[in-house]
Amino acid sequence: MSEPHEEPEGWPCVLSDEVTSLLLDPALPADVFGAVVAATVLINEMRGEVPGATMSAKWPEQRRMPLGPDGSLGVAEYVIVAHAEPPQIVLTRVQLY
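Please read these numbers as outputs of a predicted model, since none were measured by experiment.

Undergrad: How should I be thinking about the overall build of the protein in this particular structure?
TA: A count of helices and strands for the protein gives two helices and five strands. Expressed as a percentage of contacts within the protein between residues at least 6 apart in sequence, the contacts between residues at least 24 apart total 46%. By element, 58% of the accessible surface of the protein is carried by carbon and sulfur atoms, the whole surface being about 6,400 Å². Of the side-chain charges in the protein, 5 are positive and 14 negative, and the distance between the mean point of each set is 13 Å.

Undergrad: How should the pattern of salt bridges be read in this particular structure?
TA: Proximity of charged atoms lets side chains of opposite charge pair with each other. A complete count under the given rule lists three salt bridges for this structure. Taking the shortest distance from any N to any O, the salt bridge between Arg 63 and Glu 49 comes out at 3.1 Å. In this pair, Arg 63 is assigned in strand β3 (residues 62–67) and Glu 49 in the loop between α2 (30–45) and β2 (54–55), connecting sequence segments 14 residues apart. Look at Glu 49 and you get partly exposed, because its relative accessible area is 46%. As a salt-bridge pair, Arg 64 and Glu 77 come within 3.3 Å of each other at their nearest N and O atoms. With Arg 64 in strand β3 and Glu 77 in strand β4 (residues 74–81), this pair connects stretches of sequence that are 13 residues apart. Here the salt bridges share partners, and the residues they tie into one network are Arg 64, Glu 77 and Arg 93.

Undergrad: So what exactly am I meant to see when it comes to α2 here?
TA: Because an α-helix packs 3.6 residues into every turn, residues spaced three or four apart end up facing the same way. Here α2 spans 23 Å end to end across 16 residues, near enough to the 22 Å set by a 1.5 Å rise per residue. Packing partners of the buried residues in α2 comprise β1 (13–15), α1 (17–24), β3, β4 and β5 (88–96).

Undergrad: What is the right way to read a nonpolar patch on the surface from this model?
TA: Together, Phe 33, Val 37 and Val 41 make up an exposed nonpolar region whose accessible area comes to about 220 Å². One can find Val 37 in helix α2.

Undergrad: How should the sheet that holds β4 be read in this particular structure?
TA: Read across the sheet, five strands follow the order β1-β5-β4-β3-β2 without closing on themselves; strand pairing throughout is mixed. The open sheet has two free edges, formed respectively by β1 and β2, since each of these has just one partner strand. As defined by bridge partners, β3 adjoins β4 across six bridges and the pair is classed as antiparallel. Looking at the pairing, Leu 67 lines up with Gly 74 of β4. Across the sheet, α1 lies against β1 and β5, angled at about 55° from β5, the strand it touches most.

Here is what the cut-offs are and how they apply
Residues numbered from 1 in each chain as written. Predicted model: local features only at pLDDT ≥ 70, side-chain atom pairs only at ≥ 80, totals over all residues. Heavy atoms only, no water. Helix = DSSP H or I, 4+ residues; strand = E, 2+ residues; numbered from the N terminus. Contact = heavy atoms within 4.5 Å. Areas by Shrake-Rupley, 256 points an atom, 1.4 Å probe, with all protein chains shown as cover. Lys, Arg positive; Asp, Glu negative; His and termini not counted. Charge placed at Lys NZ, Arg CZ, Asp CG, Glu CD. Salt bridge = Lys/Arg side-chain N within 4 Å of Asp/Glu carboxyl O. Buried < 20%, exposed > 50% of the residue type's maximum accessible area, 1.4 Å probe, protein only. Expected span 1.5 Å × (residues − 1). Patch = residues over 30% accessible without salt bridge, like charges linked within 9 Å, V, L, I, M, F, W, Y side chains within 5 Å. Pairing = 2+ DSSP bridges. Axes fitted to C-alpha atoms, helices over the stretch in contact; angles between N-to-C directions.

In structure tokens, the structure reads:
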């Protein structure tokens, strides 16, 4: 008897080339690196429906969320691609303050 198929808890959070380059920069402060990684984990776990994230009025799949304590480090922008196979989220940009 086969085991029942379980849907994964979250959706993969894929990094754009721009975000990948940012994270590979040796001059990036550790707190910013940690905040971006924490954002990807939260985005994954919540399937993009992150509390406090704002939705674009023109493109509802695009969201922005604060980075760091109370958004003190910047903003992360991501796109929910729910109809892809498999569904995923793309972290498209990080704007630092």
